[in-house]
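# Analysis of the macromolecular model
Now for the letters of each chain:
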Amino acid sequence: MRIFFTFLLSSLVFSAFAQTAEIKGKITSQNNQPVELINLILKETGKGTVTSETGEFVFTGLEAGSYQIIGTGIGFKRIEKQVLLAEGQIVTVELEAVEDARLLQTVDVIGNLESNYKTDLSFIGSKTATPIREVPQAISYITKEVMHDQGTFLMGDAVKNMSGVNQFTFYDDLTIRGFRMNGGSTTQLFNGLRTFSGFWKQPPVNYLERVEVVKGAASALYGNTSPGGTINRVTKKPLMTPRKSLSFTTGSFNTLRALADFTGPMNENKTLLYRLNVGYVNAQGFRNMQFDKNIIIAPSVSFLPTQKTRINFDLVYNNSKSRLDRGQSVAGNDLYSSSIKTSLNAVNDYLNEETYLITTSLNHQFTQNTSLNVAYLRTGYNEDLLEHRSSNVNGVDSTGAAVPNLVGRQVFIRKTKSFMDNVTMFVNHNFNTGKAEHKLVAGYDYIQSYTPKGSGQQTANGYLLKAGGAANYNKDTPEKYVFYNYTANGITRSIPKPNITHYDLTLQNNQMEDLSKYTYNLVTNAATTPVFYQLHGLYLQEQVKINRLQILLGLRYDTYIDKKGYTTNNEENVTQHALLPRIGAVYTVNKNINIYGTYTKGYNPQDAAIQVNPLAGGPFDPVRSSLIEGGVKSEWFDGRVTANLSVYNITQTNTLYNANVDGRPDLLQQIGEEQAKGVEFDVTGNILPNWNLIVAYSYNDAKVTDAGTKAIDQVLVNMQKPNAPRNQGSIWTKYTFTNRGINGLGLAIGGNFVTERNLSLSNTQTLPGYVVLNGGIYYKIEKFQFQVNLNNLANKTYWVGGYDYLRLFPGAPRNFMATVSYTF
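Criteria and thresholds
Residues numbered from 1 in each chain as written. Predicted model: local features only at pLDDT ≥ 70, side-chain atom pairs only at ≥ 80, totals over all residues. Heavy atoms only, no water. Salt bridge = Lys/Arg side-chain N within 4 Å of Asp/Glu carboxyl O. Helix = DSSP H or I, 4+ residues; strand = E, 2+ residues; numbered from the N terminus. Phe/Tyr/Trp six-rings, centres within 6.5 Å; stacked < 30°, edge-to-face > 60°. Lys NZ or Arg CZ within 6 Å of the ring centre and 35° of its normal. Pairing = 2+ DSSP bridges. Axes fitted to C-alpha atoms, helices over the stretch in contact; angles between N-to-C directions. pLDDT = per-residue confidence, 0-100. Contact = heavy atoms within 4.5 Å.

It is worth spelling out the pattern of salt bridges at this point. Taken as a whole, this structure holds 32 salt bridges when the rule is applied. The salt bridge partner of R326 is E387, with a shortest N-O separation of 2.7 Å. With R326 in the loop between β22 (309–322) and β23 (350–365) and E387 in strand β24 (residues 370–396), this residue pair connects regions lying 61 residues apart in the sequence. Overlapping salt bridges, with partners in common, bring together K118, D120, R133 and E635 in one network.

Counted according to the given criterion, the structure contains 27 aromatic pairs. Consider the rings of F532 and Y566, whose centres lie 5.4 Å apart with planes at 40°: the pair is tilted. Here F532 is found in strand β34 (residues 531–546), whereas its partner Y566 is found in the loop between β35 (549–564) and β36 (572–588), with 34 residues between them in sequence. Cluster of aromatic residues (ring-pair linked, three or more members): F168, F170, Y171, F199, W200, Y803 and F809. Between R177 and the ring centre of Y648, over which it is positioned, the NZ or CZ distance is 3.9 Å.

Take the sheet that holds strand β3 (residues 47–50) next. A sheet is described by the order of its strands in space; here four strands give the open sequence β3-β2-β5-β6, paired in antiparallel fashion. At either margin of the open sheet sits one strand with a lone partner, and together these are β3 and β6 (79–85). Averaged over all pairs of adjacent strands, the angle between their axes in this sheet comes to 20°, without regard to strand direction. Relative to strand β5 (residues 65–72), strand β2 (residues 39–42) runs antiparallel, the two sharing four bridges. Bridge assignment links L42 to a residue of β5, and that residue is I69.

Below, the discussion takes up the confidence of the model for the protein. Counting all residues, the mean pLDDT for the protein is 90, and 93% of those residues have values of 70 or more. Counted against residues more than four places away or in other chains, residues 3–18, with its pLDDT under 50, gives three contacts. Here residues 101–106 is a poorly scored stretch, pLDDT under 50, and it has 32 contacts once near neighbours within four places are set aside; other chains count.

Now for the sheet that holds strand β13 (residues 179–182). With respect to topology, three strands assemble into an open sheet ordered β11-β12-β13, the strand pairing being antiparallel. The sheet terminates laterally at β11 (165–167) and β13, the two strands that pair on one side only. For this sheet, the mean angle separating the axes of adjacent strands, direction not counted, is 35°.

Our next topic: the pairing of strand β21 (residues 292–306). Here strand β20 (residues 272–283) pairs with β21 via twelve bridges, running antiparallel. The partner of L273 across the bridge, within β21, is S302. Relative to β22, β21 runs antiparallel, the two being bridged by eleven bridges. Opposite I297, over in β22, you have Y317 as the bridge partner. Counting the residues in the hairpin turn of β21 and β22 gives two residues.

Next comes the structure, spelled out in structure tokens:
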């Protein structure tokens, strides 16, 4: 018996030692980043594990033999690896997880671990996770890494890196390929959903993962949009890996900025993730009387109850206190007759804004090939405004002639609020028929936007009447008006006395004003008129891939409903319909080069507030557009750099322009046809892991080609569209040293240029072109980074846009921003 037990014990010990073999390893992405939560099994053994935060895994207690490792994870291709294991051997394997667009989430739910200038995938172009090089339409983007390196805080500074995108004013107001698109137009996108902004202030970018622009009309997927392009702001989403960062910035114009970005799992099994971005900004700006205080709170929570279901909640709340800057005024036609700091505000002016965007989304994968996406976005905006601003004309003398040194002013006191809801639901289904691979998208959108009753505005303007009140000055009846003595250049003369004191460009009379002395009128305009519109959209899209050829076919049917007379007893629905096709194709020439072509149609109903405004001259027909585009998309340096070229032709009809009629500032005219033809070129990526580069250039010939039958409009024919330069471009490059002794030191240099532009309210005034140079110095040591951004190195005087020479929007003079950040 003792011999038996001795034999049994020896066998167990021998068996234990015989099973000391193990397989361990690490899984990384194509960019050499660790990939966690990859499920791994050893086929037919019952053994399984999951990769750690560092991408590592281990199988222990194995016998000698042949094993097959199988790994799966959402968004990655299946991993298979055969391993031969000898007795007692420890084998280390390095595996790569390759992203698969067919398996990726179809909406952004989980954040991006990558940290470079280049992104490979976009949802905006097709509502599927499609590589950008396979989308038959030009897409520009700027990642959070670019914005961080450039010290960018506002959208206007981000989009200057994109071809074909230019500021119209320094509000949330852009031209894309020559067509204006602003925050108040309700055609912007936020995480792929329709939204708007308050127009007056550019959105901050500290909570954004990237900013995207799909060029040309995106109407086949998103309904009425600008024919030039559509902006999409993509927020930062939670990460499975804990990460925290703090940054503090100070610099020119009394700028103080504090930002925080915290993310990670909220429970042990990482099914509940969070991200919190918080910002505080207090800056005066380079312009007189201006200040800007912002508090931004942007939490995001992702819930992953199963591998197939993902739920996300996002909130962005922005409380802003500032003054509304209506731009610089100059004397006559001399751009340099006043300082770029010149502002017409009074000391007691203010603009208080509150904006929130609440998003909830659900992504559920029924199978590997079929998923459902449901999302809802609520946008809310409140405005409380008091401003002394230009009345868009100079002060006049007794004969009605302009006094160049005096700018007529008016006062707006306004309270308004607006809301928007967007519900979207779509199904993605992938399937094969023979050699053809299909991606099918079918969806429904519901959008409503409204300004409820309760908004209002008081306006004070004009010239004082002897009988009381105020009115526009009539040179034929000067006896009705109050006059006063005005002295300039040693000469005194009697001129009509304004209701609001003129702004004197010589005296720079920014002072506290007594609002009780003004004569006011109640005004109904586009900002305060109750409006309500609905949009119902049904769309179907098919992407077919046969070997090297990919074809995209899309069709959308929209029903657009305006409530005419909203909130009145005469409320009625005004319904419009639109059928919007989209056709595109991509052909893969080789592993580096794709060529593409596309045709799409777009539309945009005129705003209801304009339609019901009796001073605008309507009603007006909807804007309609078409796009023909072709180009080349390529990747180089092992996929680290993209170089894209596009050629386009956009035609639009029925655009509204100001009629430029004295005394009727709200009067609009509907131009017959506009056309924009051009070429765009973009290079983005990392030439080396430590050398980043962005280059953008565009040539855009954007003109009015048909001004209708009115003789007054013919002057616009063949004139370049306002604030749309024919040529513009930018470059930015950053190099980080890895040499011993200067490891962690980085240098960046860049700039952007814009050629001459026409203004929107003047057919004769123009803005000169400009070149602005910028730079940056960086030093990273362990978890700290020190950064100094130097902007407008040559101290160039320039203007980013304008309406006329009484409302110009200058760019900032030479300035610096110093930032220290800590990541832990």
